[in-house]
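Residues per chain are reported as follows:
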Amino acid sequence: MLGLLFAGAIAGADTMSRSYSGAAGQVQVLIPRLEAEIEVDGALGEEVWSRAGRLTGFSQYSPADGRPAEQDTEILVWYSPTALHFGVLARARPGTVRATLANRDQLGQEDRIEFYIGTYNDGHQALVFAVNPLGVQQDGTLAEQGRNNGGREGTDLSPDFVYASRGRITDSGFEVEIRIPFKTLRYQSADPQDWGLHVVRRVQATGHEDSWVPAQRAAASFLRQSGTLRGLTGLRRGLVMDVNPVVTARATGAPGVNERWAYDEGAEFGGNVRWGITPNLTLNGTVNPDFSQVEADASQIITDPRRALFFPEKRPFFLEGIEQFSTPNQLIYSRRIAAPAAAAKLTGKVSGTTVATMFALDGQEVSRTGEDNPFFAVARAQRDMGGGSRAGAVFTSRIEPGFASQLGGLDTRVVFKSGLAVSAQAVGSITTRNGVTETAPLWELDVRRAGRTFGFQAGFEGVSDEFVAAAGFVAQPDAVTITGSPSWTAYGKPGAFIARATGGFRLNARWTYDQFITGRDPQDKQLFVTGNVQLRGGWTFDLFTWLENFGYDRRLYESYALERQGAGGVVDTVVPYPGSGTMRNIGFSGTLNTPWVGPFSATLNTTYGRDVNYDEWSSANILFMDSRILFRPTAQIRTEATYLLTHYQRRSDGSTVSVTHIPRLRLEYQVSRALFLRLVGEYRTSSRDDLRDDGRTDDPILIYDPSDGVYKRALAEAQDNHGLRSDFLLSFQPSPGTVFFAGYGGNYVDTGRFRFSNVSRTGDGFFLKASYLFRL
């Protein structure tokens, strides 16, 4: 009976178009099911569009929610038996539309329309499809884990989906046409079924974001506020079988015998298979997956050696369904599986429970012994509790000769109607090394409320020094932290110079795990004062100031010793390094983000103050810079220049401890939507002074050499490193999974900082990659 009612409603919708105003609260949408197939060409002139549902009445979401949108946006939506269709009609003042023939997923500086489609309608996960006015695509996933204050900051743009889009700029704004095949989506097996939907428009000329649903920035969940596409019925995917063979060839060069350049050549074959068992369950398999590393990771600088560096996943097999493996504290991190020989995973949702499992056999060369293959097994389950709340469980395992580690844990996120969100996690690990077994905990409690004018966050998290996440990523192990941070926001009137201003502060207390459980005082105490101002026209300014007391951390200096010197020469080698004392730090950081000013856009950051010189455990004056300038003279040419600087100066005598400069230039020419050329050049120069016991005895520091078990002064002597890396790429990617890459990368060493007078090559390589996606 219910199916007949929906069918009758849909039959009526076939003959007329109905409008749904988000501003009027009309967010429950019964869209028509039409037996039609159209060409996706960016023009909405076909008769079928006149019968589509119309989403109107957009409201401003940022900088100030709840206000009427300044420019009209209308979304047309209907579905056929095999695909979901959207049409975009966006009004804009002449000459203000910002759109280029950008590369996929690079729409951060473009006008764009974003669709958040919750195919499971659970209020905490969604697939993301975005387009700019020319139809260039950006896609990914959003899985709310409780740390994004109800916003969209957690969107992961790594996954790529197969869908069609075309757009065009018109005299009144722009039009875009989008077709998303049901083969691309995972969804419920029910018939009929409801899907969540958010539509957000980004306007670069004003810096505003408009939302079809009158969403509140103060809400604990963004996805919980979604509108609904109701009564979807008769969805047909057919056989969902994607076969994606991949071939890669590499030639790696290095100096050989008699300084002759020699290349080590090789080719590898692999592939991925995706089988949609049911609409809500997908099985994936891979053999020898390619890393898809067509460009070297941009350099990062370590400013706190206690925190690990994070690099995102890029391999297609691991990106499929990645949102269903998401956990608080990144307990599942697929880059731990470095070079898998084979892997398989099952993802989906059954009876309100999201399930994700994966098994992988890694390469021998990445095992701790160089023998056999490390074996990984991971599992993740999440149960909906309504209203955006959920409960979850996680298990991971890594086994290899002489080493085995497993962890298991529970987590939950409870969202209240008041806007309060409470998240909690408790995990334990069991690790066996050479017959010795250790157990250890990790926990987290997070309470936050993102109010419109007042918000706060409080957290309590801890990681044991013996906790091992062998298949995960823990940024700072052996630490217990208690935090609290209130914030206040004020809004300007429409058209005011200051559109929104936010200020707040954050208090942190941090212990090592042993210090906390034995009841000692915190090792580190921190006060941060923060501010953010968004100005008319899209300019933003962030200010960050800090006042800290850092206690001596012996763990960082276990390889250090001192060479005591007297009148007659060397007296003694002092082990362990006798560092001590508390570092009192103070400083500020400012960041300016500009909108597009002609063909230019920029992010300029400077940090200055007093901080820890970790090389010598002493106080230093610091100067950091992290800036970026974009230049896009045409719709096809993109230039990005970045510059990183870290400079540490001893406060004891004004001498320089270390300095690093990293300028980077990236040039791209987009021949067409599918074809582009990229050239990247990065220069890295770093210098470090002889290390000494600064501010105390000034005796030379020795560093332990594990190769011969001796403390050596040579390892702590002055160092100068100057090098250049260049990368060239030709990329042809008509759709995700079908690609052809050809590239070259070279490493060079310079004899001095920015001299370029005697640059010599130290290594290089050529590579080719070709793959084709067969959709059966």
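Model, not experiment: these values are computed from the prediction. (Residues numbered from 1 in each chain as written. Predicted model: local features only at pLDDT ≥ 70, side-chain atom pairs only at ≥ 80, totals over all residues. Heavy atoms only, no water.)

Caption draft 1: Broad picture of the overall build of the protein chain. What the protein chain contains, in helices and strands, is 3 helices and 43 strands. In the protein chain, which comprises 776 residues, the proportion classed as buried is 51%. Residue pairs in contact within the protein chain that sit at least 24 positions apart in sequence constitute 62% of those at least 6 positions apart. By element, 57% of the accessible surface of the protein chain is carried by carbon and sulfur atoms, the whole surface being about 33200 Å². (Helix = DSSP H or I, 4+ residues; strand = E, 2+ residues; numbered from the N terminus. Buried < 20%, exposed > 50% of the residue type's maximum accessible area, 1.4 Å probe, protein only. Contact = heavy atoms within 4.5 Å. Areas by Shrake-Rupley, 256 points an atom, 1.4 Å probe, with all protein chains shown as cover.)

Caption draft 2: Expanded view of a nonpolar patch on the surface. The grouping of Ile637, Leu665, Leu667, Tyr669, Val671, Leu677, Leu679 and Phe728 at the surface amounts to a nonpolar patch, some 610 Å² of accessible area in total. Elements that contribute at least two residues to the nonpolar patch include exactly β36 (656–670) and β37 (675–688). When you line up the elements, leucine 667 lands in strand β36. (Patch = residues over 30% accessible without salt bridge, like charges linked within 9 Å, V, L, I, M, F, W, Y side chains within 5 Å. Salt bridge = Lys/Arg side-chain N within 4 Å of Asp/Glu carboxyl O.)

Caption draft 3: View of the environment of arginine 510. Here arginine 510 lies in strand β27 (residues 498–511). Residue classification places arginine 510 among the buried residues on the basis of a relative accessible area of 11%. Measuring from C-alpha to C-alpha, the distance between arginine 510 and glycine 87 comes to 51 Å, with 423 residues separating the pair along the chain. Sequence-distant contacts of arginine 510, defined by excluding residues within four places in its chain, comprise Arg306, Gln476, Ala479, Val480, Thr481, Pro522, Gln523, Asp524, Gln526 and Phe550.

Caption draft 4: Structural context of the packing of aromatic side chains. Summed over all chains, the structure comprises 37 aromatic pairs. Between the aromatic rings of tryptophan 443 and phenylalanine 516, the centroid separation amounts to 6.4 Å while the plane-to-plane angle is 45°, which identifies the pairing as tilted. Placement of tryptophan 443 in strand β24 (residues 436–450) and of phenylalanine 516 in helix α3 (residues 513–517) is noted, with a sequence separation of 73 residues between them. Measuring from centroid to centroid gives 5.5 Å for tyrosine 552 and tyrosine 557, while their planes differ by 15°, and the two rings are stacked. (Phe/Tyr/Trp six-rings, centres within 6.5 Å; stacked < 30°, edge-to-face > 60°.)

Caption draft 5: Representation of the environment of asparagine 329 in the model. Mapping asparagine 329 onto the fold places it in the loop between α2 (316–319) and β18 (342–350). Taking relative accessible area as the criterion, asparagine 329 reaches 17% and is therefore assigned buried. A distance of 3.2 Å separates polar atoms of two side chains, one belonging to asparagine 329 and the other to glutamate 444. (Polar contact = N/O pair within 3.5 Å; in protein donor to acceptor, adjacent residues only side chain to side chain.)

Caption draft 6: Looking closely at the nonpolar core. Residues Phe86, Phe115, Trp195 and Trp212 are the most contacted members of the largest nonpolar core, which totals 41 residues. Of all the secondary-structure elements, those providing two or more residues to this core are β5 (73–79), β6 (83–91), β7 (112–118), β8 (125–131), β11 (173–181), β12 (193–203) and β14 (227–232). Within the second largest apolar cluster, 22 residues are counted, among which are Phe317, Phe376, Phe467 and Ala471. (Core = buried A, V, L, I, M, F, W, Y, C linked by side-chain atoms within 4.5 Å.)

Caption draft 7: Local environment of the pattern of salt bridges. Per the stated rule, a full pass over the model turns up 45 salt bridges. In this structure, the salt-bridge partner of arginine 628 is glutamate 640, at a minimum N-O distance of 3.5 Å. Remark: glutamate 640 occurs in strand β35 (residues 637–650) and arginine 628 occurs in strand β34 (residues 618–631); sequence separation between them is 12 residues. Overlapping salt bridges, with partners in common, bring together Arg186, Asp242, Arg274, Glu320, Glu323 and Arg775 in one network.

Caption draft 8: Here's a closer look at the side chain of threonine 354. The topology assignment puts threonine 354 in strand β19 (residues 353–361). Side-chain polar atoms of threonine 354 contact the side chain of glutamine 125, separated by 3.2 Å. Filtering out sequence-adjacent residues up to four positions away, threonine 354 remains in contact with Gln125, Gln324, Gly348, Lys349, Arg380, Ala381 and Gln382.

Caption draft 9: Examining unusual backbone geometry more closely. Residue serine 62 is joined to proline 63 through a cis peptide bond whose omega torsion reads 10°. Locating proline 63 in the fold gives a position in the loop between β4 (59–62) and β5. Proline 192 follows aspartate 191 through a cis peptide bond whose omega is 0°. With respect to the secondary-structure elements, proline 192 resides in the loop between β11 and β12.

Caption draft 10: Representation of the sheet that holds β6 in the model. If you walk across this open sheet you meet the 6 strands as β1-β3-β5-β6-β11-β10, and the pairing is mixed. Every interior strand has two partners, whereas the edge strands, β1 (19–21) and β10 (164–170), have only one. The sheet shows a mean angle of 15° between the axes of neighbouring strands, direction not considered. Relative to β11, β10 runs antiparallel, the two sharing 7 bridges. For serine 165, the partnering residue across the bridge sits in β11 and is isoleucine 178. (Pairing = 2+ DSSP bridges. Axes fitted to C-alpha atoms, helices over the stretch in contact; angles between N-to-C directions.)

Caption draft 11: Just the environment of arginine 610, in detail. Here arginine 610 lies in strand β33 (residues 600–613). C-alpha of arginine 610 to C-alpha of asparagine 585: the two residues are 25 residues apart in sequence and 5.0 Å apart in space. Apart from residues lying up to four places away in sequence, arginine 610 is in contact with Trp546, Arg584, Asn585, Ile586, Ser619, Ala620 and Arg651. A polar contact of 2.9 Å, which involves the side chain of arginine 610, links it to the backbone oxygen of arginine 584.

Caption draft 12: Fine view of the confidence of the model for the protein chain. Overall, the prediction assigns the protein chain a mean pLDDT of 90, with 93% of residues at 70 or greater. Low pLDDT, under 50, characterises residues 1–15; the predicted model gives this stretch 19 contacts beyond four residues in sequence or across chains. (pLDDT = per-residue confidence, 0-100.)

Caption draft 13: Representation of the pairing of strand β9 (residues 137–143) in the model. Taking burial as the measure, the 7 residues of β9 include 7 buried ones, the bulk of the element. The side-chain alternation of β9 yields two buried faces, one formed by Gln137, Asp139, Thr141 and Ala143 and the other by Gln138, Gly140 and Leu142. In this sheet, β9 lies alongside β8 in antiparallel orientation, the contact comprising 7 bridges. Across the sheet, the residue bridging to glutamine 125 is alanine 143, located in β9. Between β8 and β9, which follow one another and run antiparallel, lie 5 residues, and glycine 135 among them has a positive phi close to 90°.

Caption draft 14: Representation of the pairing of strand β28 (residues 524–535) in the model. Relative to β28, β27 is paired through 12 bridges, and the arrangement is antiparallel. Its bridge partner being in β28, alanine 509 is matched across the sheet by lysine 525. With 11 bridges connecting them, β28 and strand β29 (residues 540–551) associate as antiparallel partners. The residue bridging valine 529 from the neighbouring strand is threonine 545, located in β29. Counted along the chain from β28 to the antiparallel partner β29, the turn is 4 residues long, and its residue glycine 537 has a positive phi close to 90°.

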